[in-house]
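Each chain is listed here by its residues.
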Amino acid sequence: MVDLDYLMSALHPRVAEHIPVTIIHGHRDDAPIRAQAREWPNVRLVTPRLLSKWGTHHTKAMVLFFNRNGVKTARVVVSTANLCRGDWEEMTQGVYLSPMCPLKQDKKQGESNIGTIIGAEYGSAFEKDLLSYFEVYGGDLQALRDQVALYDWSACKAILIGSVPGYHRGDSKDLWGQARLANVLRNHVSLSEACCKEGSTLALQCSSVALFSQKWFTELGACMGEATNASQAKKPSLRFIYPTASEVSQSAGFLRLEQDVYDKGRQWLDAHLCRWRSDRAGRKKVMPHIKSYARICGSELEWFLLTSANLSRAAWGEFQKNKTQIHVKSYELGVLLCKSLFNDGFDEDIHLLPATVEDRQPVPSNTAVSGNSATVVPIRLPYDIPLIPYTSSDHCYTRHYSHEALENFGLVSED
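For clarity, every value in this text was computed on a predicted model and none was experimentally measured. Position numbers for residues start from 1 in each chain and track the written sequence from start to end. Predicted model: local features are reported for residues with pLDDT of at least 70 only, side-chain atom pairs are reported and counted for 80 or more only, and whole-chain, interface and lining totals are derived from all residues. Neither water nor hydrogens contribute to the side-chain values; these are computed over all heavy atoms in the structure.

**Observations concerning the side chain of T307**
Residue position: T307 is located in strand β13 (residues 300-307). Under the relative-accessibility criterion, T307 is labelled buried at 3%. Of note is the side chain of T307, whose polar atom sits 3.1 Å from the backbone nitrogen of A309. Not counting residues within four places of it along the chain, the set of residues in contact with T307 comprises T80, K291, Y293, W316, L333 and G334. To qualify as a helix, a DSSP run of H or I must reach at least 4 residues; to qualify as a strand, a run of E must reach at least 2; elements of each kind are numbered from the N terminus. Only protein chains enter the area calculation, which uses a 1.4 Å probe; residues under 20% of their type maximum are buried, those over 50% are exposed, and those in between are partly exposed. Any N or O atom pair separated by 3.5 Å or less is treated as a polar contact, with the protein-specific requirement of one donor-capable and one acceptor-capable atom, and with residues adjacent in sequence counted only for side-chain atom pairs. We call two residues in contact whenever any of their non-hydrogen atoms come within 4.5 Å of each other.

**What to know about helix α4 (residues 125-135)**
Turning to α4, its buried residues are F126, E127, D129, L130, L131, Y133 and F134. On its buried face, α4 is in contact with β3 (61-68), β4 (71-79), α5 (142-148), β7 (159-163), α6 (177-188) and β16 (332-338).

**Section: the layout of surface pockets**
Put plainly, a pocket is an open set of points on a 1 Å grid over the protein atoms alone with protein on both sides within 12 Å along at least five of seven lines, a cavity is a set where a 1.4 Å probe fits but cannot get out, and a lining residue has an atom within 4 Å of a point. Grid points are joined across faces, edges and corners, and a volume is the space filled by probe spheres set on the points. When its volume is computed, the largest pocket comes out at roughly 1600 Å³. Residue lining of the largest pocket: 48 residues in total, with V21, T22, M62, V63 and L64 positioned closest to the centre. Listing elements by their share of the lining of the largest pocket, those giving two or more residues are α1 (4-9), β1 (21-24), β3, β4, α4 and α5. Looking at the lining of the largest pocket element by element, the count peaks at eight residues for β3. For the lining of the largest pocket, a count of residues per class yields 34 nonpolar, ten polar and four charged. If you add up the space inside the second largest pocket, you get close to 1000 Å³. Forming the boundary of the second largest pocket are 35 residues, of which W54, T56, H58, S208 and N310 lie nearest the centre. At three residues, the largest contribution of residues to the lining of the second largest pocket is made by helix α11 (residues 313-316). Lys, Arg, Asp and Glu make up the charged group, whereas Ala, Val, Leu, Ile, Met, Phe, Trp, Tyr, Cys and Pro make up the nonpolar group; the residues left over, Gly among them, are polar.

**Some words on the environment of H289**
Here H289 lies in the loop between β11 (273-274) and β12 (292-297). Among the residues examined, H289 registers a relative accessible area of 4% and is labelled buried. With 241 residues separating them along the chain, H289 and P48 place their C-alpha atoms 23 Å apart. Non-local contacts of H289, meaning those with residues more than four positions away in its chain, are made with K60, T80, A81, N82, D87, M91, T92, Q93 and S207. Polar side-chain contacts of H289 include one of 3.2 Å to the side chain of Q93.

**Quick word on the sheet that holds strand β8 (residues 166-169)**
A strand pair is defined by DSSP finding two or more bridges across the two strands. Pairing is antiparallel in the open sheet, where three strands are placed in the order β8-β15-β14. Only two strands of the sheet have a single neighbouring strand rather than two, namely β8 and β14 (318-320). Going across the sheet, the axis of each strand differs from the next one's by a mean of 30 degrees, ignoring polarity. Relative to strand β15 (residues 325-328), β8 runs antiparallel, the two being bridged by four bridges. Each bridged residue has a counterpart across the sheet, and for H168 the counterpart in β15 is I326. Axis lines are fitted to C-alpha atoms, over the contacting stretch for helices. Their N-to-C directions set the angle, which ranges from 0 to 180 degrees.

Structure, rendered in structure tokens:
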């Protein structure tokens, strides 16, 4: 969803009417945004091709190019917010900002290169994955791909997890959706000793829920349970964080879970539900539009994924033909953070720790006791841990409650 007037109002007035702006959107009714675009001759609209009526262009990302006193840099932004006022001002969101990346030709001689060389000088896995994702859009984004390839993205300590529409099989099966996530976890995440011995929790959190089966939910959990040493670890518990009706009634924002969708899965889904508890995280009364997935062990994270993907088959894909094929309906994009990305080769003590406004630089408990140095990667979790499961008195929020509230205020007329 894009409110073009809102987006353009965020640009400096000196450049808003001059710099080229490309908007990739999935509006099925595009008349409003086209009307807005007529006021901005420097804006180009791109509508990607969808293969299913159930799919959508759901990616929320930006590539920003800067020229400050002749020094050119670029940055990737991956977020969970649509480009509209309500998403940015009334909901809990998440944003990943890449470093300011220089032109490849401007990289200092002898400067160390983080990442893997991929076919070109200073090329990185992040660049390769970014270009592969944009390639799916075809010729409409050829100029963007050419421009992205000019920059050195090797400082980006994150792994892109994307979804694109199609029936993916063979070499492409592990490139998208939940198959992509499973493949990345198998190759980049080695679970800690504590995680293997004491167990862990897979925390799934989103704002919108579609209809899916227990089998599909379990398969998604199995993909998220992968790791290089998964066979040595206890099977993680699978938890789904979603606000109760009471929590929503005292908060700002909105959520999308239809009552009939919930009713069809509640017999097994209720056992996985956890409350939206965000006292320390500071988002208790601001409902989540953020979509995040994590493996939690005690007070630490084994990995963290920030993404546009809600809990749906369209977003994550559905395995078919004895798992030789995955069918994805929507465009999505996220970034995965894990410890191995921050290892400089010296076997450092690396920790992914939840950070808050009050505690921006958390300290691992073992470091506080032993005094050993450690590398800490602060992760702005939107919820508190440990997770709190639903009790018998909790009711999962669905849109039925908002409709009921409107009726109580006389804002809905009965037929």
